[in-house]
Amino acid sequence: MRPVILLLCLLQAVQSSVLQTRLQAMLTELAALAEVALNQSVALQIGWYGSTDHFTVAAGTVDVHGSQRNVTTEDTFLYGSGTKPFTAAALMRLIDQGKIKASDRAHIHIDPYLRANNGTELKELFGPEVHNATVLDLIRMSAGIPDFEAGSRDAYILQEGSRVWPVYDNIRYAAAYQEEYGGTCKAAEDCDCGQLPPLAKAFCEPRQEKCMKVGQYLGCLGRPNGFPLPGGWVCWNKMRVGFCPTRVKSSPLVCAPGACSFYSSASYELAGLLIAAVGVPDGKYTDMDLGNFTLPSRDDYPTLTFPPVTRTTHSEVASMKLSDHLSVPGHAALFGGSGTVVFDQNPTVLGWTCGHMIGAAGDVAKFFFDLFSPKSARRIVSNASLAEMTRTAPLSMGWGTHIEYGAGIMAVPVSNNASYWPENTSQWGFFLGHGGMTYGFSSNQGYISLADAGFSDFEHRYSIIIQLGSLQGHGDCCRSS
């Protein structure tokens, strides 16, 4: 669907009213085709926001607790790591306001808050080197913080979706997992996989230089990829696989702060704690509503929510559900989900400021227009802060070395044409934004400079959203985590 949208962006001569009609027709056709192919209800939504006009179109049906209805333009979806630009923007706004500095050591702000609310400090979790990590390092993925989305944790969280998953547990898990499994290997002899069952073997995965174990297992027949098994195993392609420790143990940091860049949602959870420490210093982290720190006015983005928030709702986190804000259920095909309906789980399954945003297409489109477009009257950050957010370089370690990352912003080329590959924002098919993947939803959102247009598309087993920002004048313009 994305190449179709990018092609529409090039048709500059068509009036916006024609664009809306064409997009509605396209969505209606896609919804009908997808529902036949998947034998499931499919939800599609496109939002457009421009300086002179805006609209949202929708197609498909949604099944909520056995009751089927048509998708509306106000329906809301999950964005996964599409939340990260909002978290990064909140930090940059605090910098713009002079409340913190980009060069501040992050622990100076986080440690007093972490000590008061969880009885620990960053150095106790990640070692003394973490004191060298700056505020900016947290959102540039260069603080050396490992990820908590490792091993089979995603699958366990989904299986226990009704319970509360505190942010402090995620951060502790990231440090502990890195310390046990974060070492590198050159050969199987570097691995400490212990006594393995029959038909299983240890090996060193060459690209990541990580120790792994793999073996045949009848219990994985019919199981989805990512299905968790005892002993640190998961099912994958009808086999069972798992990570092993290395014989030489690792530091709880991936690298010294500033020495590498590594995709880490835990780094964005620490960024969230820093925002909470500055914004609600006497409150719990769940008292911090990210939207109040990111958005110039909440009234301009009415569908965007960032649960759980306890201060304004006076509710306990344990009583909250995604469906308090989410109107379209997802179906988790990955993470061991096997089609698990994602709707009534506790919102803490989303991992807080790394991926907890819920909203509708039009409001997300408006945010990216306001973040990037010089014609917006609701600028999100200063020009200097936006320049820092968009100063990208390839991540240097881990699975994401193909990603050009800035401060909460990815630089992304998109092309299905073997003879054409865009390399910068001066070429069509290149955008600045962020991908996202969470239980039941996959998304991309960003901004195309040549069109002065923001967009976001959702691709999910049963729910698809495309969101767009503005295109000035007349024109048709209309994931990765």
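Going by the structure above, here's the rest.
This text gives an overview of the structure that appears in the document.

Parameters and conventions
- Here the residue index of a chain counts from 1 through its sequence in written order.
- Local features in this predicted model are restricted to residues of pLDDT 70 or higher, and side-chain atom pairs are both shown and tallied only at a pLDDT of 80 or more, whereas totals for entire chains, interfaces and linings draw on every residue.
- The side-chain numbers reported here are obtained from all heavy atoms of the structure, hydrogens and water having been left aside.
- Note on conventions: DSSP H or I runs of at least 4 residues are helices, E runs of at least 2 residues are strands, and numbering of each starts at the N terminus.
- Residue exposure (1.4 Å probe, protein chains only): buried if accessible area is under 20% of the type maximum, exposed if over 50%, otherwise partly exposed.
- Under the convention used here, a 1.4 Å probe and the Shrake-Rupley method define accessible areas, while residue burial counts only the protein chains that appear.
- Aromatic pairs are defined between Phe, Tyr and Trp rings, using the six-membered ring for Trp, whenever the two ring centres lie within 6.5 Å; interplanar angles under 30 degrees are classed as stacked, those over 60 as edge-to-face, and all others as tilted.
- We call a charge positioned over a ring when the NZ of a Lys or the CZ of an Arg lies within 6 Å of the ring centre and within 35 degrees of the ring normal.
- The term disulfide is used for any two cysteine sulfur atoms that are within 2.5 Å.
- Only heavy atoms enter the contact rule, under which two residues are in contact if any of them lie within 4.5 Å.
- With axes taken as lines fitted to C-alpha atoms, and helix axes fitted only over the stretch in contact, angles between N-to-C directions fall between 0 and 180 degrees.
- Roughly parallel means an angle under 35 degrees; roughly antiparallel, over 145; roughly perpendicular, 65 to 115; everything else is oblique.
- Side-chain classes follow a simple rule in which Ala, Val, Leu, Ile, Met, Phe, Trp, Tyr, Cys and Pro form the nonpolar group, Asp, Glu, Lys and Arg form the charged group, and the remainder, Gly included, forms the polar group.
- Pairs of strands are assigned from DSSP output, requiring at least two bridges between the strands.
- What makes a salt bridge here is a side-chain nitrogen of Lys or Arg within 4 Å of a carboxyl oxygen of Asp or Glu, nothing more.

**Considerations on the overall build of the protein**
Assigned secondary structure in the protein consists of twelve helices and 19 strands. Going through the 481 residues of the protein one by one, you find that 59% of them count as buried. Working note: accessible area of the protein is about 19,300 Å², and carbon and sulfur atoms make up 53% of it.

**Here we look at the packing of aromatic side chains**
Inspection of every chain in the model, using the stated rule, returns 15 aromatic pairs. With centroids separated by 5.6 Å and ring planes inclined at 25°, the aromatic side chains of Tyr-173 and Tyr-177 adopt a geometry described as stacked. One end of the pair is Tyr-173 and the other is Tyr-177, both in helix H8 (residues 167–181) and four residues apart, which spans about a single turn. Centre to centre, the rings of Phe-372 and Tyr-447 are 4.9 Å apart; their planes meet at 10°, and the pair counts as stacked. Of the two residues, Phe-372 is situated in helix H11 (residues 361–372) and Tyr-447 in strand E17 (residues 441–448); the sequence distance between them amounts to 75 residues. A relative accessible area of 8% means that Phe-372 is categorised as buried. With relative accessibility at 6%, the residue Tyr-447 sits in the buried group. Of the aromatic side chains, those joined through ring pairs into one cluster are Phe-86, Phe-306, Phe-367, Phe-368, Phe-372 and Tyr-447. Against the face of Trp-233 rests Arg-240, its NZ or CZ located 5.0 Å from the ring centre. Directly above the ring of Tyr-301 sits Lys-366, whose terminal nitrogen or CZ lies 5.7 Å from the centroid.

**Notes on the state of the cysteines**
Here a disulfide denotes a covalent bond joining the sulfur atom of one cysteine to the sulfur atom of another. Tallying each qualifying case throughout the model produces five disulfides. Residue pairing for Cys-193: its cysteine sulfur links by disulfide to Cys-244, the two sulfurs lying 2.1 Å apart. Judged by the sign of its S-S torsion, about 110°, the bond between Cys-193 and Cys-244 is right-handed. With Cys-193 in the loop between H8 and strand E5 (200–205) and Cys-244 in the loop between strand E9 (239–243) and helix H9 (265–279), the pair connects residues that are 51 residues apart, well separated along the chain. The burial state of Cys-193 is the same as that of Cys-244; both residues are buried.

**Describing the side chain of Thr-134**
Along the polypeptide, Thr-134 turns up in the loop between helix H5 (122–126) and helix H6 (135–140). Take Thr-134: its relative accessible area is 13%, and that puts it in the buried class. What Thr-134 contacts, discounting residues up to four positions off in sequence, is Ala-102, Ser-103, Asp-104, Arg-105 and Ala-106.

**Overview of the packing of helix H4 (residues 106–118) against H9**
Where H4 contacts H9, the two axes come as close as 9 Å, and the packing angle between them is 75°. Relative to H9, the element H4 lies roughly perpendicular. Here H4 contributes Ala-106, His-109, Ile-110, Tyr-113 and Leu-114 to the contact with H9, which in turn contributes Leu-270, Leu-273, Leu-274, Ala-276, Ala-277 and Val-278. Class assignment of the residues belonging to the contact of H4 with H9 gives a composition of ten nonpolar, one polar and no charged.

**Examining the pairing of strand E16 (residues 430–438)**
The buried count for E16 comes to eight of nine residues, which makes it a mostly enclosed element. In the sheet, strand E15 (residues 410–413) pairs with E16 via four bridges, with the strands oriented antiparallel. Residue pairing across strands places Val-412 opposite Phe-431, the latter belonging to E16. From the end of E16 to the start of E17, which pair antiparallel, there are two residues, and Gly-440 there has a positive phi angle of about 85°.

**Describing the pattern of salt bridges**
In the structure shown here, the tally under the stated rule is seven salt bridges. Salt bridges linked by common partners bring Arg-140, Glu-388 and Arg-391 together as one network.

**Focus: the sheet that holds strand E8 (residues 233–236)**
Taken together, five strands build an open sheet; the order of strands is E5-E6-E9-E8-E7 and the sheet is antiparallel. Looking at strand neighbours, the two that pair on one side only are E5 and strand E7 (228–229), the edges of this open sheet. Here E8 pairs with E9 via three bridges, running antiparallel. Paired with Val-234 across the bridge in E9 is Val-241.

**What about unusual backbone geometry?**
Note the cis peptide between Pro-307 and Pro-308, where omega equals 0°. Positionally, Pro-308 belongs in the loop between helix H10 (290–294) and strand E10 (330–332). Unusually for a residue other than glycine, Asn-237 sits at a positive phi of about 50°. On the secondary structure map, Asn-237 appears in the loop between E8 and E9. Judged by its relative accessible area of 53%, Asn-237 falls in the exposed class. Unusually for a residue other than glycine, Lys-238 sits at a positive phi of about 70°. Within the secondary structure layout, Lys-238 lies in the loop between E8 and E9.

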